[in-house]
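Below are the chains, spelled out letter by letter.
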Amino acid sequence: MGKLVIKFQGKAVSEVSLKLGDTKIGRGSGCDIVLNDLAVSGEHALVKTVGMKSTIQDLDSKNGTFVESKRVQQHELKHGETIILGGHSLLYRDDVNLETPAFGKRPAVPAAHAGDPRVTTELTSFAQLETVEGKDHGKRLPLIKDAVTVDNPGSNPARISRIAEGYLLEGSIGPGEPRINGRPIPPGGHLLEVGDIIEVTGAKLRFSN
């Protein structure tokens, strides 16, 4: 059976062996895998394992379930694929490991063996925005897509694009324009750094990796 290597903000936090049948993932304490992430629904997704095959199914979550950055409703997992739930990345592995502990135990993730042809590439860590002021205080928005528009009701929206150098913030100049760290966004945009504060109507969002 397969297993999931779980990462948050690019750092491995646990490794869970999948059991036969259903493995529920979400923020709720009753889930088999609990992700303490405000962008994850109480019951977010379900992994169904039959024999050696595992399929992930979205449970009508608010922010969606993604496999390799593509939103899915149901998807049969393949070795090395990455599931994105909120700010968490879950790497699916179907390699056989007779020393894998029983489901529910969460040891530190062992280092990959050099030269192992089955070792996958490093999980991608997506940056995110956290609302630090406003009605959605505490909510996180993972920047999974190459371009994200930040709503700015009645005013000019902010746009964040993922480029080779990082994440570029852009906004139109004029009444109700979005701001960065209390100042207008400069012509040509602003390359975001950890801790930057984006201001839109009625809200402030902090950028983090």
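A. Representation of the side chain of Ser208 in the model. Mapped onto the elements of the fold, Ser208 is located in strand E21 (residues 203–208). Beyond its immediate sequence surroundings of up to four residues, Ser208 is in contact with Gln9, Ala127 and Gln128.

B. Local environment of the sheet that holds strand E13 (residues 140–142). One open sheet holds the 6 strands; their spatial order is E13-E12-E21-E20-E17-E18, and the pairing between them is antiparallel. Looking along the sheet, the strands with just one partner apiece sit at the ends: E13 and strand E18 (183–184).

C. Expanded view of the layout of surface pockets. In this structure, the largest pocket occupies an estimated 740 Å³ of space. The wall of the largest pocket is formed by 28 residues, among which Asp136, Lys139, Leu141, Thr149 and Asp151 lie closest to the centre. Those elements giving two or more residues to the lining of the largest pocket turn out to be strand E12 (128–133), E13, strand E14 (147–150) and E21. Class assignment of the residues belonging to the lining of the largest pocket gives a composition of 12 nonpolar, 8 polar and 8 charged.

D. Up close: the nonpolar core. Of all hydrophobic cores here, the largest spans 18 residues; its most connected members are Leu4, Ile25, Leu35, Ile83, Leu85 and Leu90. Residue assignment for this core shows that the elements contributing at least two residues are strand E1 (3–8), strand E5 (45–50), strand E10 (82–85) and strand E11 (88–93). What Leu35 contacts, discounting residues up to four positions off in sequence, is Ile6, Ile25, Gly26, Arg27, Val40, Leu85, His88 and Leu90.

E. Seen up close, the pairing of strand E16 (residues 166–171). Examined bridge by bridge, strand E15 (residues 158–163) and E16 share 6 bridges and lie antiparallel to one another. Note that in E16 the partner of Arg159 across the bridge is Glu170. Taken together, the 2 bridges between E16 and strand E19 (residues 190–191) define a ladder with antiparallel strand orientation. From the neighbouring strand, Leu168 faces E19, where its bridge partner is Leu191.

The rules we used
- Residues numbered from 1 in each chain as written.
- Predicted model: local features only at pLDDT ≥ 70, side-chain atom pairs only at ≥ 80, totals over all residues.
- Heavy atoms only, no water.
- Helix = DSSP H or I, 4+ residues; strand = E, 2+ residues; numbered from the N terminus.
- Contact = heavy atoms within 4.5 Å.
- Pairing = 2+ DSSP bridges.
- 1 Å grid on protein atoms, 1.4 Å probe; cavity = no way out; pocket = protein on both sides within 12 Å on 5 of 7 lines; lining within 4 Å.
- Points joined across faces, edges and corners; volume = space filled by probe spheres on them.
- Nonpolar A, V, L, I, M, F, W, Y, C, P; charged D, E, K, R; others polar.
- Core = buried A, V, L, I, M, F, W, Y, C linked by side-chain atoms within 4.5 Å.
- Buried < 20%, exposed > 50% of the residue type's maximum accessible area, 1.4 Å probe, protein only.

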